[in-house]
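# Summary of the model geometry
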Amino acid sequence: MPELPEVQALVNGLADHLTGGRIDALELASFSALKTVSPAIGDLAGHEVTAVERRGKMVCLQAGSLWLVVHLARGGWIRWYPVAPTPAARPSKSKITLRVRMEDASGFDVTEMGTEKRLALWVVRAPEEVAPLAELGVDPLSPEFTVERLADLLGGVSATVKNALTAQSLIAGVGNAYSDEALHRARLSPYKRSDRLDAEEVARLHDAVVGVLGEAVSRAEGVDLAELKGDKKRAMAVHGRTGQACPNCGDTVRAVSFATKSLQYCPTCQTGGKILADRRLSRLLK
Ligand SMILES: [Zn+2]
């Protein structure tokens, strides 16, 4: 699932390629992905792309007086081509949701892998018209994300710190992978109650979130968009590394599984050596 650093790198790459170019045509292959009716998606044609920006994990492309907003969800991505493929985009044969052709013959596909089909598109006059975007919390790479702000956010909800960190309405852009990494770096249990962190723990977590995301953004700079996913995996200390050695202490990285995803942590670094109950596993053993 693309998170803030990958979406930032994607947006940087798209901005380089698309800004100043003019949209020639748009082919919508998956009609259910488009959440707005008016303005029509075809209204973007003929306009020059003036900005490509990130809001949380969403990609916002401005063309003329309109914005195309893309929520990539779990399996979504945007693939840019120096020369756009010529065959029509067919949803049954490909994972293409939308194909956009530029006047200079370049173009990009909005794609979605997997079966969830939660990728969403909006055509609006201002990004804030998109409800999930308007509800986004503070951007963790913005100056507004201070230790005090994080303390307020965590203290204001009754949740595990893992759930609080990944709530897009609190902090925009942090998902399962980078929250695992930040909690590991801050040496905090994912199950710790967010409103029970002391000042020193909040400061440590703030450092960890900013550090983990900032390093990932720097790493992603200059990496070819197609290589980003593999690059992300290699840089993880605990996320996706169940059974491997923690790079800090050598203990075995453990996982807790949920219906469609799992979290990873190091017992020695984060839980005082305690193994967290994996409900799915214990259910299987009954
Ligand atoms: Zn460890």
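These remarks concern the structure in this document. What you see is a predicted model, and the numbers here were worked out from it, not measured in a lab. (Residues numbered from 1 in each chain as written. Predicted model: local features only at pLDDT ≥ 70, side-chain atom pairs only at ≥ 80, totals over all residues. Heavy atoms only, no water.)

### Description of the pattern of salt bridges
Counted according to the given criterion, the structure contains ten salt bridges. One salt bridge in this structure joins Glu53 and Arg55, with 3.1 Å as the shortest N-O distance. Taking the relative accessible area as the measure of exposure, Glu53 reaches 29% and is therefore partly exposed. A salt bridge links Arg204 to Glu200, with the nearest nitrogen and oxygen atoms 2.8 Å apart. Of the two residues, Arg204 and Glu200 both sit in helix α6 (residues 199-220), four residues apart, roughly one turn of that helix. By relative accessible area, Glu200 is classed as partly exposed at 47%. Through salt bridges with shared partners, a single network forms among Glu53, Arg55 and Glu128. (Salt bridge = Lys/Arg side-chain N within 4 Å of Asp/Glu carboxyl O. Buried < 20%, exposed > 50% of the residue type's maximum accessible area, 1.4 Å probe, protein only. Helix = DSSP H or I, 4+ residues; strand = E, 2+ residues; numbered from the N terminus.)

### A word on the coordination of the zinc ion
The coordination sphere of the zinc ion contains the protein donors Cys246 (SG), Cys249 (SG), Cys266 (SG) and Cys269 (SG), at a distance range of 2.2 to 2.3 Å. Coordination at the zinc ion comes from four donor atoms whose angles at the metal span 99 to 115°, giving a geometry best classed as tetrahedral. (Donors = N, O, S within 2.8 Å, 3.2 Å for Na, K, Ca; no water. Tetrahedral: all angles 85-135°; square planar, octahedral: opposite > 155°, others 65-115°.)

### Considerations on the packing of helix α3 (residues 147-155) against α6
Put simply, α3 and α6 touch, their axes get as near as 9 Å, and they point 115° apart. By the angle between their directions, the pair α3 and α6 is classed as roughly perpendicular. Crossing geometry of α3 relative to α6 is assigned as right-handed. Facing Val147, Leu150, Ala151 and Leu154 of α3, the residues of α6 in contact are Val202, Ala203, Leu205 and His206. The residue inventory of the contact of α3 with α6, partitioned by class, reads seven nonpolar, one polar and no charged. (Axes fitted to C-alpha atoms, helices over the stretch in contact; angles between N-to-C directions. Parallel < 35°, antiparallel > 145°, perpendicular 65-115°, else oblique. Left-handed = near helix turned anticlockwise from the far one by under 90°. Contact = heavy atoms within 4.5 Å. Nonpolar A, V, L, I, M, F, W, Y, C, P; charged D, E, K, R; others polar.)

### Brief notes about the environment of Ala237
Following the sequence through the fold, Ala237 ends up in the loop between α7 (228-234) and β9 (254-257). The exposure class assigned to Ala237 is buried, which follows from its relative accessible area of 14%. For the pair Ala237 and Cys266, spaced 29 residues apart in sequence, the C-alpha separation works out to 9.4 Å. Beyond its immediate chain neighbours, meaning those up to four positions away, Ala237 contacts Glu181, His184, Pro247 and Val253.

### Description of the sheet that holds strand β8 (residues 120-124)
One open sheet accounts for four strands, arranged β2-β3-β4-β8; its pairing is antiparallel. Of all the strands in the sheet, just β2 (49-55) and β8 have a single pairing partner and so form its edges. For this sheet, the mean inter-axis angle between neighbouring strands, taken without regard to orientation, is 15°. In terms of strand pairing, strand β3 (residues 58-63) meets strand β4 (residues 66-71) through six bridges, oriented antiparallel. By the bridge assignment for β4, Val59 is matched with Val70. Where helix α1 (residues 4-18) meets the sheet, it contacts β2 and β3, and its direction lies at approximately 175° from that of β2. (Pairing = 2+ DSSP bridges.)

### Section: the pairing of β8
When you tally the buried positions in β8, you get five out of five residues, the bulk of the element. The side-chain alternation of β8 yields two buried faces, one formed by Ala120, Trp122 and Val124 and the other by Leu121 and Val123. The pairing of β4 with β8 spans five bridges and is antiparallel. The residue of β8 that forms the bridge with Val69 is Trp122.

### Focus: the sheet that holds strand β7 (residues 107-112)
The four strands are arranged β1-β6-β7-β5 in an open sheet whose pairing can be described as antiparallel. Each edge of the sheet is formed by a strand with only one pairing partner; in this case those strands are β1 (23-28) and β5 (76-81). Ignoring strand direction, the axes of neighbouring strands in this sheet form an average angle of 15°. Alignment of strand β6 (residues 96-102) against β7, held across five bridges, turns out to be antiparallel. Each bridged residue has a counterpart across the sheet, and for Ile96 the counterpart in β7 is Thr111. Relative to the sheet, α1 contacts β5, β6 and β7, its axis offset from that of β5 by approximately 25°.

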